[in-house]
Amino acid sequence: MRSLNRLKWLHAFEAAARHGSFTGAAEELGVTPAAVGQLVRSLEEWVGHPLLTRTRSGKKRLMVVTEAQDALKEITDGLDKLESGLKKLRGRRARSVIVVTASQVLVMNWLMSRLNLFAEHHEDIDLRLDVSDKHIDLAHGEADIGIRCGPGNWPGLHATWIMDEEAVVVCSPLILKAGQEADCDWLNKQKLIYDDTPHPGANMPSWSGVLDTIGYGHVSQNSLHINSTSAVILAALGGRGVAIVRRALVQQSIDSGQLLQLYPSFKWPLTWSYYMVRSEHALSRPEVQIFHDWMLEYQHSLSSNTPA
C-alpha cells in the first residue's frame, strides 16, 4: 500500500537535502523554514531515526545520514517522475493559473474591472479569485498574490505599492437634487453614515474632523453606524445618508453618477495605500510576474491620464 499521504514529508526532506538547509528548501517550496523543519521531523518520527545531521558551519548545514542516501535517490527519482506524469496529464491544453485574493468591497468596486481587462489581454492565464475580508496566508501558498490596502509592512511578504488613497464624502443624487447645495442646513437634515470598520493607523477622518475641516461645526446627530464598508457604500447608494469612504471604492460610482462627491476642494489623505502582496516564491512563477507587471503598468497608465 502506497503511503502517498506522506508526499509533503518526502518533498520537504528531498528539498532540504538538496539545498543543505531548511531556508533554501523553504524558498523553493514557498513556506517558512520552520514548516520545512516540522515536515522533516514528522518523516523522521515515522521512520524511527534521524535522516539529516545538523552542522553549525559551512554552506550546507544539513547532511543526509548514510543510511538514508540510497532512499533519497529513489525519492528524488520518484518525485521527478511524478512531476513528469503531471505535465503529461496537463499536456498541450495546460493553462497557467493565478489565485488572486482581496476583500469583498475591493473586488466589487475596484479589482473586478481590472481582472476582466487582464483576462482579455492574457487568454492563456486563468484567474481564480479568493474573496475574503480576512488576510489569506500568502506566505504558505493559500493564494499567489493579494491586493491590500494598508501600511505596506506585512511580515514575511513583499509589497509593491500601487497607489495612495484618500477619503471622500459622498451621497446619492436621490437626496441631493440637481442645483441643490450641500450646505450646513442641508447636511443638518441628513443622516450621517459611520463606517465602524477598523482602520488602525490609516488616519481615516471622523465625521467630527470632516465637519471641522469644511467649517460646519456641529450638525444633527441623526446617524447610522455600520461595521461593514461594503454596506456603508450600499447605504449611500440607496440614499440612506451621507458617508465618508475610501475614494478607490466609490470612484466608479462617482464617475457613473450613482454617487456625488461632496466638498471636493477638501482633501483627507490616508496613511494607508494599495499594495500587491506576495511571497518571494510566488513571484518566481512567470504568470504571477506577468500579472504583477501588468497591474503596475495599467495603474501607471491611469495615473498618467488623470488631470492634475
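Residues numbered from 1 in each chain as written. Predicted model: local features only at pLDDT ≥ 70, side-chain atom pairs only at ≥ 80, totals over all residues. Heavy atoms only, no water.

- Per an unreviewed UniProt entry, the protein goes by the name Glycine cleavage system transcriptional activator and belongs to Ewingella americana.

**Focus: unusual backbone geometry**
Trans is the prevailing form of peptide bonds, just as negative phi is the prevailing case for residues other than glycine.
Next, step 1: The backbone of N203 shows a phi angle near 65°, a positive value even though the residue is not glycine.
Next, step 2: When you line up the elements, N203 lands in the loop between β7 (192–195) and α7 (207–214).
Next, step 3: Since its relative accessible area comes to 53%, N203 is described here as exposed.
Next, step 4: Within the chain, Y263 stands out as a residue other than glycine whose phi angle is a positive 55°.
Next, step 5: Looking at the secondary structure, you find Y263 in the loop between β10 (260–262) and β11 (268–278).
Next, step 6: A relative accessible area of 11% means that Y263 is categorised as buried. (Helix = DSSP H or I, 4+ residues; strand = E, 2+ residues; numbered from the N terminus. Buried < 20%, exposed > 50% of the residue type's maximum accessible area, 1.4 Å probe, protein only.)

**Remarks on the environment of D144**
Next, step 1: Within the secondary structure, D144 sits in the loop between β4 (125–131) and β5 (145–150).
Next, step 2: Residues D144 and V97, spaced 47 residues apart in sequence, show a C-alpha to C-alpha distance of 9.3 Å.
Next, step 3: Here D144 is in contact with V97, I98, V99, L138, V277, R278, A282, R285 and V288, once residues within four sequence places are set aside.
Next, step 4: One polar contact links the side chain of D144 to the main-chain amide nitrogen of V99, over a distance of 2.7 Å.
Next, step 5: Among the polar contacts made by the side chain of D144, one reaches the side chain of R285 at a distance of 2.6 Å. (Contact = heavy atoms within 4.5 Å. Polar contact = N/O pair within 3.5 Å; in protein donor to acceptor, adjacent residues only side chain to side chain.)

**Description of the packing of helix α5 (residues 104–121) against helix α9 (residues 247–256)**
Next, step 1: Running from N to C, α5 and α9 point in directions that differ by 65°, and their axes come no closer than 8 Å. Read as a crossing pair, α5 and α9 show a hand that is left-handed. Contact residues: α5 offers V105, L106, N109, W110 and S113, while α9 offers A248, L249 and Q252.
Next, step 2: Residue composition of the contact of α5 with α9, grouped by class: 5 nonpolar, 3 polar and no charged. (Axes fitted to C-alpha atoms, helices over the stretch in contact; angles between N-to-C directions. Left-handed = near helix turned anticlockwise from the far one by under 90°. Nonpolar A, V, L, I, M, F, W, Y, C, P; charged D, E, K, R; others polar.)

**Section: the packing of aromatic side chains**
Next, step 1: Taken as a whole and judged by the stated rule, the model has 7 aromatic pairs.
Next, step 2: Taken together, a centroid distance of 5.9 Å and an interplanar angle of 15° make the contact between W110 and Y274 stacked. With W110 in helix α5 and Y274 in strand β11, the pair connects residues that are 164 residues apart, well separated along the chain.
Next, step 3: On the basis of relative accessibility, which here comes to 4%, the residue W110 falls in the buried class.
Next, step 4: Ring centres 5.1 Å apart and planes at 5° place the aromatic pair W294 and Y298 in the stacked group. Of the two residues, W294 and Y298 are both situated in helix α10 (residues 286–304); the distance of 4 residues between them amounts to about one turn of the helix.
Next, step 5: Residue W294 is classed as buried on the basis of its relative accessible area, which comes to 12%.
Next, step 6: Three or more aromatic residues joined by ring pairs form one cluster here, namely F118, F291, W294 and Y298. (Phe/Tyr/Trp six-rings, centres within 6.5 Å; stacked < 30°, edge-to-face > 60°.)

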